[in-house]
Amino acid sequence: MKEDADLPSLQTHQPIMSPTAFRLTKNGIELRNPDFDMLAETYAAKGYAMWPLIDNNFDPKLTHEILSDSRLQDTMVRQLMGYAILYDFKGYNIDFENVNYSDKDKLTAFVRKISDAAHAYGLKVSMDVTPPSDSPNWSMVYDRAALAPHLDYLMIMLRPVRTDQSRRRSRPHPTPG
């Protein structure tokens, strides 16, 4: 954690750190960072609340399989709550992208399942969503009105506008990674 040696203690109501930490897999939740213990300790010592990011690897096929398996979802929720207790998390940040539009309702139901469990443990939940657009898997899949009652925060993802090789502007769009 050499790069964070000079991490400031922020003078805010509650500074939050949301490191990329967990990934959905066909076997459950995977901890992505081998140095997560040190990361969590460093930020906690500076007064940050830890809200780790959970992603789906932007894999629509895998995400469909997970969204179609309620037992696997239950396992994942239990794993996430276990990690929250172990590390004293204050919340989670959900970043599921490139989800099949046909899974829209299943996505909302899974987020609700995560949120219900998290709220029962006193945790906050945020979710990253793209700005509304006509892209089925990158934007229309988020039923923002149905998600909002289950989330404490809805985060709008904005990314730089890409340009092509001729340096003409292209329209803004979600970009994975």
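Note that the coordinates shown come from a computational prediction; the quantities given were computed from them, not determined experimentally. (Residues numbered from 1 in each chain as written. Predicted model: local features only at pLDDT ≥ 70, side-chain atom pairs only at ≥ 80, totals over all residues. Heavy atoms only, no water.)

1. Thoughts on the pattern of salt bridges
If you walk through the whole model with that rule in mind, you get 5 salt bridges. The closest approach of N and O atoms between Asp 88 and Lys 90, which form a salt bridge, is 3.1 Å. Linking Asp 116 and Arg 112 is a salt bridge whose minimum nitrogen-to-oxygen distance equals 3.7 Å. Linking Asp 116 with Arg 112, this pair stays in helix H4 (residues 104-120), spanning 4 residues, or about one helical turn. Taking relative accessible area as the criterion, Arg 112 reaches 46% and is therefore assigned partly exposed. Here the salt bridges share partners, and the residues they tie into one network are Arg 23, Arg 32 and Asp 55. (Salt bridge = Lys/Arg side-chain N within 4 Å of Asp/Glu carboxyl O. Helix = DSSP H or I, 4+ residues; strand = E, 2+ residues; numbered from the N terminus. Buried < 20%, exposed > 50% of the residue type's maximum accessible area, 1.4 Å probe, protein only.)

2. Quick look at helix H1 (residues 36-45)
Every α-helix carries 3.6 residues per turn, so stepping three or four residues along brings you back to the same face. Every buried residue belonging to H1 is among Phe 36, Leu 39, Ala 40 and Tyr 43, and all of these are buried. For H1, the angular spread of the buried residues around the axis is 95°, confining them to a single face. The exposed residues of H1 that point more than 90 degrees off its buried face are Glu 41 and Ala 45. Looking at the buried side of H1, the elements it contacts are strand E1 (16-17), strand E2 (20-25), strand E3 (28-31), strand E4 (49-50) and helix H3 (70-87). Two residues or fewer past H1, Gly 47 is found with a positive phi of approximately 90°. (Arc of directions from axis to C-beta. Contact = heavy atoms within 4.5 Å.)

3. Things to note about the nonpolar core
Judged by nonpolar contacts, the single largest core of 42 residues is most densely connected at Tyr 92, Phe 96, Phe 110 and Met 127. Contributions of two or more residues to this core are made by E2, H1, helix H2 (60-67), H3, strand E6 (91-95), H4 and strand E7 (124-129). Of the residues forming this core, the biggest block, 7 residues, is contributed by H3. Apart from residues no more than four positions distant in its own chain, Phe 110 is found in contact with Leu 24, Ile 66, Leu 67, Gln 73, Met 76, Val 77 and Phe 96. (Core = buried A, V, L, I, M, F, W, Y, C linked by side-chain atoms within 4.5 Å.)

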